[in-house]
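The chain contents come next:
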There are 2 protein chains.
Amino acid sequence: MTTPPSTGKRSSRSRPTRASKALREGQNRFVSIWGEMGSSWGIPRTMAEVHALLYIVGEPLNTDQIMERLAISRGSASMSLKSLHDWGLVGRAHKRGDRKEYFRAEQDVWQVFRIITRERKRREIDPVLMALHDCRDVTGPRAADLESCETDVESHNDRLDRMIEFIELIDSLADQFVSPAGKGLQLAVGLLGKAV
Amino acid sequence: MTTPPSTGKRSSRSRPTRASKALREGQNRFVSIWGEMGSSWGIPRTMAEVHALLYIVGEPLNTDQIMERLAISRGSASMSLKSLHDWGLVGRAHKRGDRKEYFRAEQDVWQVFRIITRERKRREIDPVLMALHDCRDVTGPRAADLESCETDVESHNDRLDRMIEFIELIDSLADQFVSPAGKGLQLAVGLLGKAV
DNA sequence: CCTTAGTTTCAAAGATTTTTGAAAGAACTA
DNA sequence: TAGTTCTTTCAAAAATCTTTGAAACTAAGG
């Protein structure tokens, strides 16, 4: 799948070329940007950085390489990798004659965001929707008549219903994007994008 | 805009009816859910709770009412309200013969999410795109020939370009949603939703 | 101009989240 | 089985983020 032994940056212990130094710098910047972004969206910075490193390097790395590259502890690396694996953003790989475990990040950007969408929907949106429905039940069934004409309760229910309706729409959009047949959305989105 | 003096929940110091207790409970639940959700998406829990309270109560509240209702300090309330006002999610209001300042949350759910989208785009996505472009520059112009045939640099650049392209697409989608003429997206989204 | 009611600010305290590192656990080899 | 190598776990430490509360500030009323 990847090219042969890859005559990569510094395979033969040669001194770094100008290009390989730029590459290193580019990778480091990407890692920082992604880490920063992750943390502003509620994802642990280190987890995002590990992901960024694996994505941008393109080929599998082992725990020691990741630790060294990001200057983090073994425990932290292991935990971030576990989370990334749970999300499905990172897969395990092995190299012949090397007992170490290697990790490879999904390389298809669309797939990356489909996975992120799927997981955030599952972990955050769906539970919120559940809770909102429970919350809605507290103030009675639709068009209820608890006492007689409790307009406060009615407008409360309207506000809840509008919010629930909106979030359900987002939820179903996420479904579209995530689904294997989600190419539909991909296409539609492309068209919309053009129609600026 | 709102109904008269509003014969609200407990205007005349009467004992709470069953319905008004349910209403209170429903509001509290909504506040908790929204606070929880905010914090999982990188928004301070209290700020999200203040927003939730103002949204679900529907009518303007003053700082003391918010402090009491959420059991938070004056400083915290003031800071959250400032942020919400900066975002544009909350407006100031005044009542005749009352020197206190009142705060009212935007009530249109679509508008709420348009605002959130606009602000997150402005504060988080756009800066990331800038940084990614700078990062891209580090490894030379498109189809560069830094040394000769540095395939590592080339594939690095490809990965960056794919990521940038995707985020730019999201960015322009966000534009569509945010724009006043964004009804287009609203519509398209509605159609897509149906086409499940 | 002074008083008073209300609001904002910000350093320190408190709470929460993240990282570390060492010990326990697994998996392989001889 | 014992030894070796690598991985995971988790309690404590560190870092980060949030809240508090009292002082500074602002504006309205007298």
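This report concerns the structure included in the present document. (Residues numbered from 1 in each chain as written. Chains lettered and ligands numbered in written order. Predicted model: local features only at pLDDT ≥ 70, side-chain atom pairs only at ≥ 80, totals over all residues. Heavy atoms only, no water.)

### With respect to the relation of the copies chain B and chain A
Superposing chain B onto chain A takes a rotation of 180 degrees combined with a translation of 0.0 Å along the rotation axis, leaving an RMSD of 0.0 Å. Expressed as an axis order, the relation between the two copies is that of a two-fold axis. Minimal C-alpha distance to the rotation axis in chain B is attained by B:Gly42, lying at 2.2 Å. (Least-squares fit on C-alpha atoms with pLDDT ≥ 70 in both.)

### Topic: the pattern of salt bridges
Under the definition given, this model contains 26 salt bridges over all chains. As a salt-bridge pair, A:Asp64 and A:Arg74 come within 3.0 Å of each other at their nearest N and O atoms. With A:Asp64 in helix H3 (residues 63-70) and A:Arg74 in helix H4 (residues 74-87), this residue pair connects regions lying ten residues apart in the sequence. The class for A:Asp64 is partly exposed, based on a relative accessible area of 31%. In this structure, B:Asp161 engages B:Arg136 in a salt bridge whose closest nitrogen and oxygen atoms are separated by 2.8 Å. Of this pair, B:Asp161 sits in helix H6 (residues 151-178) while B:Arg136 sits in helix H5 (residues 109-138), and the two are 25 residues apart along the sequence. We classify B:Asp161 as buried; its relative accessible area is 14%. Under the relative-accessibility criterion, B:Arg136 is labelled buried at 7%. (Salt bridge = Lys/Arg side-chain N within 4 Å of Asp/Glu carboxyl O. Helix = DSSP H or I, 4+ residues; strand = E, 2+ residues; numbered from the N terminus. Buried < 20%, exposed > 50% of the residue type's maximum accessible area, 1.4 Å probe, protein only.)

### Remarks on the packing of helix H1 (residues 18-40) of chain A against helix H2 (residues 45-57) of chain A
Residues and elements named next belong to chain A. Contact geometry of H1 with H2 gives a least axis separation of 8 Å together with a crossing angle of 145 degrees. H2 is crossed by H1, and the crossing has right-handed handedness. From H1, Gln27, Phe30, Val31, Ser32, Trp34, Gly35, Glu36, Gly38 and Ser39 reach across to H2, where they touch Arg45, Ala48, Glu49, His51, Ala52, Leu53, Tyr55, Ile56 and Val57. Residues belonging to the contact of H1 with H2 are distributed by class as follows: nine nonpolar, six polar and three charged. (Axes fitted to C-alpha atoms, helices over the stretch in contact; angles between N-to-C directions. Left-handed = near helix turned anticlockwise from the far one by under 90°. Contact = heavy atoms within 4.5 Å. Nonpolar A, V, L, I, M, F, W, Y, C, P; charged D, E, K, R; others polar.)

### Observations regarding the interface of chain B and chain A
Across the contact, 59 residues belong to chain B and 59 residues belong to chain A. Here chain B packs against chain A, burying approximately 5,400 Å² in sum over the two surfaces, 74% of which is carbon and sulfur. A per-residue breakdown of the area chain B buries against chain A is headed by B:Trp41, B:Arg159 and B:Phe166, which together make up 12% of the total. Between chain B and chain A we count zero salt bridges in total. On the surface where chain B and chain A come into contact, there are ten residue pairs in polar contact (both at pLDDT 80 or more). Ranked by the residues each element gives to the side of chain B that touches chain A, the list is headed by H6(B), at 14 residues. Residues of the side of chain B that touches chain A, tallied by class, amount to 34 nonpolar, 13 polar and twelve charged. (Buried area = accessible area lost by both parts, 1.4 Å probe. Polar contact = N/O pair within 3.5 Å; in protein donor to acceptor, adjacent residues only side chain to side chain.)

### Some thoughts on the packing of aromatic side chains
Centre-to-centre distance and the angle between the planes together describe a pair of aromatic rings. A full pass over the atoms with the stated rule returns twelve aromatic pairs over all chains. Seen from their ring centres, A:Phe113 and B:Phe166 are 4.4 Å apart, and the 15 degrees between their planes marks the pair as stacked. Taken together, the residues A:Phe113 in helix H5 (residues 109-138) and B:Phe166 in helix H6 connect one chain to another. Judged by its relative accessible area of 5%, B:Phe166 is buried. Ring plane angle 90 degrees and centroid distance 5.0 Å describe the contact between A:Phe166 and B:Trp110, whose orientation is recorded as edge-to-face. Taken together, the residues A:Phe166 in helix H6 (residues 151-178) and B:Trp110 in helix H5 connect one chain to another. Through pairs of rings, three or more aromatic residues link up here, namely A:Phe30, A:Trp34, A:Tyr55, A:Trp110, A:Phe113, A:Phe177 and B:Phe166. Above the face of the B:Trp41 ring, A:Arg120 is positioned so that its terminal group lies 4.0 Å from the ring centre. (Phe/Tyr/Trp six-rings, centres within 6.5 Å; stacked < 30°, edge-to-face > 60°. Lys NZ or Arg CZ within 6 Å of the ring centre and 35° of its normal.)

Geometry only, nothing functional implied.
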